[in-house]
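Overview (structure and organization)
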Amino acid sequence: MTTYSKMRTIECVASVALAIVGKRFATAAEKALASPSKDAELVHAVRNEIANGGDPLGDAFIAARDAEERREVGAVYTPKAMIDAMLGWAFSNGVPERVVDPGCGSGRFAVAAGNLWPDARIVAIDTDPLATLMTKAALAVHQMTDRADVLQASYIEADIPAIRGRTFFIGNPPYVRHHGLGSAQKEWLNSTARSMGVKASGLSGLHIYFFIRTLELAKSGDLGVFVTSSEWLDVNYGQALRQLLAGALGGESVHMVDPSALPFDDTMTTASITCFRPGMASGGIRFHRVRSSKDLGDLRKGKLISPEEARSAPKWSSAGAPMIIRAKNEIELGEIARVSRGQVTGNNAAWIDGEHSKLVPDRFKVPCITKAKELIEAGRLLGDVASLKRLIDLPVNLGELTPAERKAIQPFLNWCKREGVPGGYVARHRKAWHAISLYEPAPILCTYMARRAPVFVRNSIGARHINIAHGIYPRQQMSEADLMDLVRRLNECVRVEAGRTYAGGLTKFEPKEIERIVIPAMSEAA
C-alpha cells in the first residue's frame, strides 16, 4: 500500500504535513487544519517518498478532496512530464536569482526548481492553507526552507518585491472560471489590462489574470512558462492574452497537448504550455502540437508565426497548421446564410412536453429538436415529425386564450411556479416568464458539439430547435433543390479542426465558426 493511500482524509494529510513542517514554521491558518500526527511511521514513510522525488501529500490530497471541491479553487496538479519539459526550457535560458511559483499546490514546481537551481530563492504562493502547508513540508524535506518564502495569498495581491537579478515565473495557474471570480478581481483585470493597452473580458478565467499579473511584476530579462487550459487559444475572452503574447508579454512558443489525451489526473480539461519573456517584444511565436504530455520534449520546437500573423489570427489552436487557401470558386457559408444558436428555454425539463404539461392544448405544443442525436440519426433530411418531442410555446398575453384553454394550462403554470421556473435567470429576463417566443424555423439545422464534425440536416418539417443545435437561415430565398445541395456541400466540406476542441476531444462550433466554413459556390455545385 502506498503512503498516500494510508492518508484517507484531508485532516490526515494536514497532520502529516504539519508534523514534517513543525508548528513554529506553520501559520495559524495552517495549524488550524490539523494537530501534529501521532503516526510516526507514516510521517517517516512520507518523508522518504518526498526525498525520493515523490509527492505523496499531493497525491493524497487529490484522492481525499473530491473533484468538485478542487474545481472551486482550480486545484489541478501537474504531471512530472510537463514539469520536466517546462523546467528544461527555463534551464536552457540561464540561471535565475529567484523562481516564483504563483499557484504552488503541493510544491511540485517549487521543489523541482529548487533542485535545478540550488542558489535561487523560491517564492511559492497559493490561497489554500493546505496547499501552502504541503509545499512547506516538501521544501523542508529537501532542505530548502531557508531559501524559500511560502505565501498564503492571492497572486494578484501578494507582496513580491522587485529584485536586481532575474526572476523566472513558472507554474500552473488555478483553473478557475469567471463564475468563481468576484467583482473586485474583475475590476483589477479591467484596469490593469487597460493600462497595458488591451481590453480584457469579464469572462476571462483566472489563468489570464496570472499572465497579466506576471507582466505587471516582471522586468526585461525575466522569463515565464505556464501550463493552462487551452480554451484561451480560440475564445473571445482570450483575445487580450493573445494580443499581449504577440507584444509586451514576449510570447515565444505555445505547446498544445491533444485534447483527447486528458493530461491531468481526474480532471476533464485541456492543456497548453506557453513560454514567454515578459517585457521583450515577441520575435514570433512557435506553435507545436503533441499527442500527450510525454511527447513534449524540447519546448524550443514548433512552426514560427510572425507577431503580425499571431495578432491577426482569430484563433490560435490552428496556428502553425498548413493554411487553407480559398479557391476562386469557393465562398464562406456566411456570405449566403446567417447562423443562429438555438433557443434558450432556461429550463428544458419544464418546457419540453411531459406528464407535467399533459393538459396543455396541442396547439401550444410545437415539434422541436431537443437532442443532437435526433439530427445525427435523421441523415440529411428531417422529414418525420412524429419522432420529435414537443416544446410548450405559450403566448405573451394569456388574455388571448379562450376560457377553456386558460383553465387547461393553469395546472401547468402552477407546477412551474412550484418548481421555481419563473425565478430562473432566463425566465426573469423574458417579456413574460411563461412565453419562450420561439424563433422562426430554420431551413437547415446543424449540431455544434460532439467528438466529430457538425452534421447538417434539411429541416423540411419546420421543426423548432433549442440550444443543442444551430439554425442556418439563407440570406435569400432558396429552392428545395438548392437547400438540399447546400446541406450536401456543408456535410462534405466541414472539418472538425475548424471548431474549438475541449477536454476529451469534444469539439464545439460557435455560429461564427459555422459561417466561416468554406464551400463551393452555388454555380460550381452541380
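Please read all numbers here as calculations on a predicted model, not as lab measurements.

1. Topic: the overall build of the protein chain
- Helix and strand counts for the protein chain stand at 19 helices and 22 strands.
- The buried share of the protein chain, reckoned over its 526 residues, is 52%.
- If you take every contact in the protein chain between residues at least 6 apart in sequence, the share linking residues at least 24 apart comes to 75%.
- Per element, the accessible surface of the protein chain, about 23900 Å² overall, is 51% carbon and sulfur.

2. A word on the sheet that holds strand 17 (residues 456-459)
- As summarised here, the arrangement of the 5 strands in space is 11-19-15-17-13, forming an open sheet in which the pairing is mixed. Of all the strands in the sheet, the pair left with one neighbour each is strand 11 (337-341) and strand 13 (381-382).
- Strand direction decides the pairing type here: strand 15 (residues 444-447) and strand 19 (residues 469-474), joined by 4 bridges, are antiparallel. Its bridge partner being in strand 19, threonine 447 is matched across the sheet by alanine 469.
- Contacting strand 13, strand 15, strand 17 and strand 19, helix 18 (residues 480-493) crosses the sheet at an angle of about 165° to strand 17.

3. Topic: the packing of aromatic side chains
- The final tally for this structure, using the stated rule, is 12 aromatic pairs.
- With 5.4 Å between their ring centres and 80° between their planes, phenylalanine 287 and tryptophan 316 make a pair best called edge-to-face. Here phenylalanine 287, found in strand 8 (residues 285-290), pairs with tryptophan 316, found in the loop between helix 13 (307-312) and strand 10 (330-332); they are 29 residues apart in sequence, far enough to count as distant.
- Looking at phenylalanine 287, the relative accessible area reads 4%, which means it is buried.
- A relative accessible area of 0% means that tryptophan 316 is categorised as buried.
- Put simply, the rings of Phe211, Phe226, Trp232, Phe276, Phe287 and Trp316 touch in pairs and so form one group of aromatic residues.
- The ring of tyrosine 473 has arginine 338 lying over it, and the distance from NZ or CZ to the ring centre is 4.4 Å.

4. Quick word on the environment of isoleucine 352
- Summarising the element assignment, isoleucine 352 is placed in the loop between helix 14 (348-351) and strand 12 (365-369).
- By relative accessible area, isoleucine 352 is classed as buried at 17%.
- Spatially, the C-alpha atoms of isoleucine 352 and threonine 370 are 8.2 Å apart, while their sequence positions differ by 18 residues.
- If we skip the residues at most four places from it in the chain, isoleucine 352 touches Thr370, Lys389, Arg390, Leu391 and Ile466.

5. Examining the pattern of salt bridges
- Here the structure, examined in full by the defined rule, presents 21 salt bridges.
- Between lysine 358 and glutamate 355 there is a salt bridge whose closest N-O contact spans 2.9 Å.
- Overall, lysine 358 belongs to the exposed group, its relative accessible area being 53%.
- Of the charged contacts in the structure, one is a salt bridge between glutamate 480 and arginine 458, with a shortest N-O distance of 2.8 Å. Here arginine 458 lies in strand 17 and glutamate 480 lies in helix 18, a separation of 22 residues in the sequence.
- According to the relative accessible area criterion, glutamate 480 is partly exposed, its value standing at 40%.
- When its relative accessible area of 10% is taken as the criterion, arginine 458 is described as buried.

6. Here's the deal with the sheet that holds strand 14 (residues 389-392)
- With respect to topology, 3 strands assemble into an open sheet ordered 14-12-18, the strand pairing being mixed. Strands with a single pairing partner mark the edges of an open sheet, and in this sheet they are strand 14 and strand 18 (464-465).

7. Some thoughts on the pairing of strand 4 (residues 167-171)
- Most of strand 4 sits out of view: 5 of its 5 residues are buried.
- Neither face of strand 4 is left uncovered, since the one carrying Thr167, Phe169 and Gly171 and the one carrying Phe168 and Ile170 both have all their residues buried.
- Pairing geometry for strand 1 (residues 98-101) and strand 4, over 3 bridges, is parallel. Each residue of the ladder has a partner; that of arginine 98, found in strand 4, is threonine 167.

8. Observations regarding the environment of tyrosine 473
- Locating tyrosine 473 in the fold gives a position in strand 19.
- Spatially, the C-alpha atoms of tyrosine 473 and proline 443 are 6.2 Å apart, while their sequence positions differ by 30 residues.
- When near neighbours in sequence (up to four residues on either side) are disregarded, tyrosine 473 contacts Ala337, Arg338, Ser340, Tyr439, Glu440, Pro441, Ala442, Pro443 and His465.
- Polar side-chain contacts of tyrosine 473 include one of 2.8 Å to the backbone oxygen of glutamate 440.

9. A word on the confidence of the model for the protein chain
- On average, residues of the protein chain score 87 in pLDDT, and 89% of them reach the 70 mark or higher.
- Long-range and interchain partners of residues 322-326, a stretch whose pLDDT sits below 50, account for 6 contacts in this model, where long-range means more than four residues apart.

10. Re the environment of asparagine 93
- Within the secondary structure, asparagine 93 sits in the loop between helix 7 (80-91) and strand 1.
- A residue is classified by how much of its surface remains accessible, and asparagine 93, at 19% relative accessible area, is buried.
- Each C-alpha atom, one on asparagine 93 and one on phenylalanine 168, is 9.9 Å from the other, the two residues being 75 residues apart in sequence.
- Ignoring anything within four residues of it in the chain, the contact list for asparagine 93 reads Arg166, Phe168, Leu223 and Arg277.
- Reaching out from asparagine 93, the side chain makes a polar contact with the backbone oxygen of tryptophan 89 at a distance of 2.7 Å.
- Polar contacts involving the side chain of asparagine 93 include one to the side chain of arginine 277, which spans 2.3 Å.

11. A closer look at the nonpolar core
- Formed by 59 residues in total, the largest nonpolar core has its most connected members in Leu57, Trp117, Ile170 and Ile273.
- Among the elements that line this core, the one with the most residues is helix 2 (residues 10-21), at 8 residues.
- In contact with isoleucine 170, not counting residues within four places along its chain, are Leu87, Ala90, Val99, Val100, Asp101, Pro102, Phe109, Trp117, Val225 and Phe226.
- Judged by nonpolar contacts, the second largest core, of 43 residues, contains Tyr155, Met256, Phe287 and Ala310.

About the cut-offs
- Residues numbered from 1 in each chain as written.
- Predicted model: local features only at pLDDT ≥ 70, side-chain atom pairs only at ≥ 80, totals over all residues.
- Heavy atoms only, no water.
- Helix = DSSP H or I, 4+ residues; strand = E, 2+ residues; numbered from the N terminus.
- Buried < 20%, exposed > 50% of the residue type's maximum accessible area, 1.4 Å probe, protein only.
- Contact = heavy atoms within 4.5 Å.
- Areas by Shrake-Rupley, 256 points an atom, 1.4 Å probe, with all protein chains shown as cover.
- Pairing = 2+ DSSP bridges.
- Axes fitted to C-alpha atoms, helices over the stretch in contact; angles between N-to-C directions.
- Phe/Tyr/Trp six-rings, centres within 6.5 Å; stacked < 30°, edge-to-face > 60°.
- Lys NZ or Arg CZ within 6 Å of the ring centre and 35° of its normal.
- Salt bridge = Lys/Arg side-chain N within 4 Å of Asp/Glu carboxyl O.
- Polar contact = N/O pair within 3.5 Å; in protein donor to acceptor, adjacent residues only side chain to side chain.
- pLDDT = per-residue confidence, 0-100.
- Core = buried A, V, L, I, M, F, W, Y, C linked by side-chain atoms within 4.5 Å.

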